[in-house]
Structure formats: structure tokens, C-alpha cells
Amino acid sequence: MAGKLTEIDEARRLALERVVPLAPEPVALGEALGRVLAEPVTSADAVPGFDNSAMDGYAVRAADTAGADGERAARLTVVGESRAGHPARHELGAGEAIAISTGAMVPAGADAVVRVEDTDAGGEEVGIRVEVEPGRDIRRAGEDIAPGEVVLAAGAEIGPAEAGVLVSVGRGEVACARRPRVSVLTTGDELQEPGEPLRPGAIRNSNAYSVAGLIERSGALLESVAIVPDDREATEAALTRALSGDIAVISGGVSVGPHDHVRPTLAALGAEEVFWGVALRPGKPTWFGTVPWPRPSADRPGTPEVGPGPGGTEVGRTLVFGLPGNPVSAMVTFLLFVRPAIRAMLGAAANDPARTTAFLDLDYPKQPGRAHLLRCRLELREDGWHVRPTKDQGSHVLTSMLGADALAIIPTAAGTVAAGERVEIELLD
Ligand code: AMP
Ligand code: MG
């Protein structure tokens, strides 16, 4: 970190450049929520598949309603019924009506539907009190989706609407990129699990939960979360295990202290350092590098010889993110660098975090030299969106993440920002 600090956008680009998209796998639709499509999806059939009624009422020939109104009802003979799932057996003739339910198939011979409110609701004979034109209250086959239409592109994230559309075109299974396997190592002699009484000088391992939560929310598979003491041998053993996945996220231990063992251990394990030190607050001592597959494993039993893809056949590398241990820094740097890498591995089309601008509501004192990321609450006012820091912006103040809707980005070169100036913001989930 003695050298030049890398700018945020450059750091993100360097990480994304090293992403290898993951192989697709079949996913049952019941399991597909949140997954990313690895194939474009085309509908073989029309949706809806047949002309059907938009209303409860009577299927008729529009011509038979000519001149009908409240005074002079057209009288038609009811010759059958078309219910949802039970089409009528008759073809409709002149002077006839077929009772019809919403969504039921329009019988052959009919060209319009009269809603029940415009009739006397008769059973054997029905009085029609309006004149309707051909096509009235009929939903045509293919109005939603035409046969052969591409309904979803590769890279679409499957949300509730996507899941519904996939089912409506007849899919029960889709191809999705496999989810990246991510391991988390939280380093530090001071760390304790929740629930245990704290030893003097110890702290609770909040990163194990906040970072793990971010991993799962990003669409990755959380493979393991471990505590690693500040000890070279333990660090090497834990890293060796973590490097068998697609991504290893390490919290803490990447600074320049005498007990920070992560960098030298990674170097010994063959990692290529891509950047160390980002022009960022919070999050300066962020480290990023890669370890290629297959890895030399002769002196490290238990390390797989090949990548973690299906059958171990994928050609790629493990991405290693060393995030600063401070709880806010760990979350912010995860959002800036790890989440986009996960989304890119998944082939997600909407990879970039949503950026826009907003008015900053407070003066923010700052020296040029590093970009500052402020945890902010968003508020819509008459003149547009406003942001206001949630609270004290120290990198150890994890409660500043509570209720944060956005990160305001004050660029590296900027000095103090006055209240009312426009700033760039990155939206949080
Ligand atoms: P480090 O990056 O290891 O120098 O840690 C920086 C600061 O973050 C120290 O105050 C640590 O106690 C704190 N810290 C490190 N790891 C964690 C963790 N897993 N959860 C919460 N705080 C942590
Ligand atoms: Mg530490």
C-alpha cells in the first residue's frame, strides 16, 4: 500500500476483468427465484393459447345485437355454457347465445361477449340490452406472447414476474449460471462468536454475519464462514481451504501491522496481487488478487487439482478479496467490489449498481486525496431526491449502515461539499 492508491472505478474494473462466467446448470422453476438466466427463453406457443372472454356474460354474434338497447332488448336462445377449463360443446348459430365465464374459451361461431350486467341474465333465453361490435370483450390468443417470441433474455434475474412468465410459456426448468461458491475468513485473535461472554479486549464477529448476508443477497452460495487467528500457520491452512471455491472473502488482516498475515500467506500460496490500497474511505486497505486453477497442490494435500465447476472442468481462477476488518469498511468494499464480481460471474445483465445524483443536505468537510462514501438516507422532496448521512461516519460505526438507502460518493479530488450541492449516489438494495 506504500504505492499509489487505486481509484474505486479502476479497482472495480480490475476485478471485473478477471471474472470468468460460470457454467450453466438446469434449475427447477421452484428453485429459480433470484437466479440468473443463462439462456434466452422463447415461447413455442401463443399465450393466451385461445381466444377467451374478458368478462362473465354471454358469447354472441355481434350482428344479433344490432339495434339493442334498454328499451328494445335483443332476445337470444341460450344453447350452452363455456366455463373456465370446460369449453362449450356447441358451435354458436344465428340467434343464439352461450353463457361464458371470464377466461373461458370463446365458442366457435361467436365473435363478441356481452357482459352479464348488460343482460337480464336469463337462463334459457337472454335479453341483451346493448349493441356490441365484433371483438368486444374478447382477449385474443397470443395477445400476451406470440409464438416464437423471446420473452426473457439471458442475464435476466428471475423475480416473481419472470417466474410467472416462464411458467406461462410452459417451462418447468431453465438454465441458470451455477452460483459462485464463496468462503469467508474472518481474521483476528479478538473475534468471538455471538452469545459467548466477551473476554477482555475481545469483540463480536459482526462481519461473519453482515458479509455472509451480503453474499447470500448477491446470489452466491455461502460455502463456509470461519474465524482465523492472527497466526501464519492457521492463516495458511484456512486460506488453502477457502481457495478451492470461486471467491474467497477475507475480513481483516490485510493492513501493514505485524499481525496481518493475509498478504504474505496469499503470496506464498501463489496469488497474483492485482491491487492493494484503494483511494477510498472507508475501505483503504482493500486487497484484491487471483489464484489460478488448477493449483499446484503437491505440498498441500486436500487442495483440488482442478476448478470447482461441474466435474471440476471449468477453467478459471479463484478471486480473492481482502476486505478491511472495520465493520463498515467490510460492508462498503463488499458492495463496491465483491458484489459486482458475483453478479458478473452469474452473467447478470443488470450488473452495475444503480447510480444517480441527489442533493446533499449537510455540509461535508473533506480533504482531497480519497473518495469518501457516506451512508445516507434518501428522501424525495419537491425539487428531487435528497441524501443525508445516517449518522457519524466512522468506519467502526456499524449502526451507520442501519436505514442507509444509498452511498453518496464524494470523489477523490473533491474538497468540502456544501449543503445543497449535487452528489453522485449508489443505491443500496
Ligand atoms: P484489521 O483490518 O484486522 O486491522 O481490523 C480492523 C478493525 O476491525 C479492528 O478494530 C478489528 O477489531 C475490527 N474487526 C476485524 N475483524 C472484524 C470482524 N470480523 N467483525 C467485526 N470487527 C472486526
Ligand atoms: Mg486484525
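Just so it is clear, the structure is predicted and the values come from calculations on it, not from any experiment. (Residues numbered from 1 in each chain as written. Chains lettered and ligands numbered in written order. Predicted model: local features only at pLDDT ≥ 70, side-chain atom pairs only at ≥ 80, totals over all residues. Heavy atoms only, no water.)

1. Details of the packing of aromatic side chains
Link 1 in the chain: Summed over the entire model, instances satisfying the criterion amount to 3 aromatic pairs.
Link 2 in the chain: Where Phe-275 meets Phe-288, the ring centres are 5.6 Å apart and the plane angle is 35°; that geometry is what we call tilted. Of this pair, Phe-275 sits in strand β17 (residues 272-276) while Phe-288 sits in strand β19 (residues 287-292), and the two are 13 residues apart along the sequence.
Link 3 in the chain: Accessibility expressed as a relative area gives 3% for Phe-275, which makes it buried.
Link 4 in the chain: Each ring, one from Phe-288 and one from Phe-321, has its centre 4.8 Å from the other, and the planes form 35°; the classification is tilted. Here Phe-288 is found in strand β19, whereas its partner Phe-321 is found in strand β20 (residues 317-323), with 33 residues between them in sequence.
Link 5 in the chain: Taken together, the ring pairs connect Phe-275, Phe-288, Phe-321 and Phe-337 into an aromatic cluster.
Link 6 in the chain: Between Arg-263 and the ring centre of Trp-276, over which it is positioned, the NZ or CZ distance is 3.6 Å.
Link 7 in the chain: Directly above the aromatic system of Phe-359 lies the positively charged group of Arg-422, at a separation of 4.3 Å from the ring centroid. (Phe/Tyr/Trp six-rings, centres within 6.5 Å; stacked < 30°, edge-to-face > 60°. Helix = DSSP H or I, 4+ residues; strand = E, 2+ residues; numbered from the N terminus. Buried < 20%, exposed > 50% of the residue type's maximum accessible area, 1.4 Å probe, protein only. Lys NZ or Arg CZ within 6 Å of the ring centre and 35° of its normal.)

2. Topic: unusual backbone geometry
Link 1 in the chain: The omega torsion of the bond from Val-47 to Pro-48 falls at -5°, within 30 degrees of zero and hence cis.
Link 2 in the chain: With respect to the helices and strands, Pro-48 occurs in the loop between β2 (41-42) and β3 (52-53).
Link 3 in the chain: Residue Pro-282 is bonded to the preceding Arg-281 through a cis peptide linkage, with omega at 0°.
Link 4 in the chain: The phi torsion at Ala-121 lies on the positive side, around 60°, for a residue other than glycine.
Link 5 in the chain: Inspection of the secondary structure puts Ala-121 in the loop between β7 (112-115) and β8 (125-128).

3. Concerning the site of ligand 1
Link 1 in the chain: Surveying the vicinity of ligand 1 reveals 15 residues, the closest of which are Glu-190, Asn-205, Gly-253, Gly-325 and Asn-326.
Link 2 in the chain: Ser-206 places a main-chain nitrogen or oxygen 3.3 Å from a nitrogen atom of ligand 1.
Link 3 in the chain: Within the contact set of ligand 1, a nitrogen atom lies 3.3 Å away from a backbone nitrogen or oxygen of Asn-207.
Link 4 in the chain: Considering ligand 1 on its own, with 480 Å² of exposed area, one finds that the protein chains cover 77% of that surface.
Link 5 in the chain: Looking at the shell around ligand 1, the elements with two or more residues in it are β12 (181-187) and β14 (203-204). (Near = heavy atom within 4 Å. Polar contact = N/O pair within 3.5 Å; in protein donor to acceptor, adjacent residues only side chain to side chain. Areas by Shrake-Rupley, 256 points an atom, 1.4 Å probe, with all protein chains shown as cover.)

4. Digging into helix α4 (residues 232-242)
Note that an α-helix has 3.6 residues per turn; residues three or four places apart therefore point the same way.
Link 1 in the chain: Those residues of α4 lying buried are Thr-235, Ala-238, Leu-239, Thr-240 and Ala-242.
Link 2 in the chain: Buried-residue contacts for α4 involve β12, β15 (221-228), β16 (247-251) and α5 (262-268).
Link 3 in the chain: Taking the backbone nitrogen of Glu-233 as reference, a side-chain oxygen 3.1 Å away marks Asp-231 as the first, capping residue of α4. (Contact = heavy atoms within 4.5 Å.)

5. Digging into the pairing of β20
Link 1 in the chain: Judged by how many residues are buried, β20 sits mostly within the fold: 6 of 7 residues are covered.
Link 2 in the chain: In this structure, β16 lies alongside β20, joined through 5 bridges in parallel fashion. Across the sheet, Ser-251 pairs through a bridge with Leu-323, a residue of β20.
Link 3 in the chain: Pairing analysis gives 6 bridges linking β19 to β20, with the strands arranged antiparallel. (Pairing = 2+ DSSP bridges.)

6. Structural notes on the side chain of His-386
Link 1 in the chain: Structurally, the position occupied by His-386 is in strand β23 (residues 384-389).
Link 2 in the chain: In this structure the side chain of His-386 is engaged in a polar contact, spanning 2.7 Å, whose partner is the side chain of Asp-361.
Link 3 in the chain: Setting aside its immediate chain neighbours within four residues, His-386 contacts Ala-358, Phe-359, Asp-361, Arg-377, Leu-378, Glu-379 and Arg-381.

7. What about the domain arrangement of the chain?
Link 1 in the chain: As assigned here, the chain comprises domain 1 (8-23 + 179-345), domain 2 (27-47 + 149-177), domain 3 (52-139) and domain 4 (355-427).
Link 2 in the chain: Computed over C-alpha atoms, the centres of domain 2 and domain 4 are 38 Å apart. (Domains from an automatic or database assignment.)

8. Looking at the pattern of salt bridges
Link 1 in the chain: Considering all chains together, one arrives at 21 salt bridges under this definition.
Link 2 in the chain: Here Glu-17 and Arg-13 are joined by a salt bridge, their closest N and O atoms 2.3 Å apart. With a gap of 4 residues between them, Glu-17 and Arg-13 both fall in helix α1 (residues 8-17), about one helical turn apart.
Link 3 in the chain: Exposure remark for Glu-17: the relative accessible area of 47% places this residue in the partly exposed category. (Salt bridge = Lys/Arg side-chain N within 4 Å of Asp/Glu carboxyl O.)

9. A short note on the side chain of Ser-329
Link 1 in the chain: When you line up the elements, Ser-329 lands in helix α6 (residues 327-345).
Link 2 in the chain: Sequence-distant contacts of Ser-329, that is, excluding residues within four places in its chain, are made with Pro-282, Gly-283, Pro-324 and Ser-395.

10. Structural notes on the environment of Leu-76
Link 1 in the chain: Looking at the element boundaries, Leu-76 is found in strand β5 (residues 74-82).
Link 2 in the chain: Of the residues examined, Leu-76 reaches a relative accessible area of 4% and is grouped as buried.
Link 3 in the chain: It is 9.9 Å that separates the C-alpha atoms of Leu-76 and Tyr-58, two residues lying 18 residues apart in sequence.
Link 4 in the chain: Leaving out residues up to four positions away in the same chain, Leu-76 has contacts with Val-60, Asp-64, Gly-95, Glu-96, Ala-97, Glu-124, Glu-125, Val-126 and Ile-128.

11. Looking at the pairing of strand β6 (residues 96-100)
Link 1 in the chain: Counting buried residues in β6 gives 4 out of 5 residues, a clear majority hidden from the surface.
Link 2 in the chain: As judged from the 3 bridges shared by strand β4 (residues 57-60) and β6, these two strands associate in the antiparallel manner. Pairing of Tyr-58 across the sheet is with Ala-99, part of β6.
Link 3 in the chain: Two elements, β5 and β6, share 4 bridges in a ladder whose sense is parallel. By the bridge assignment, Glu-81 is partnered in β6 with Ala-99.

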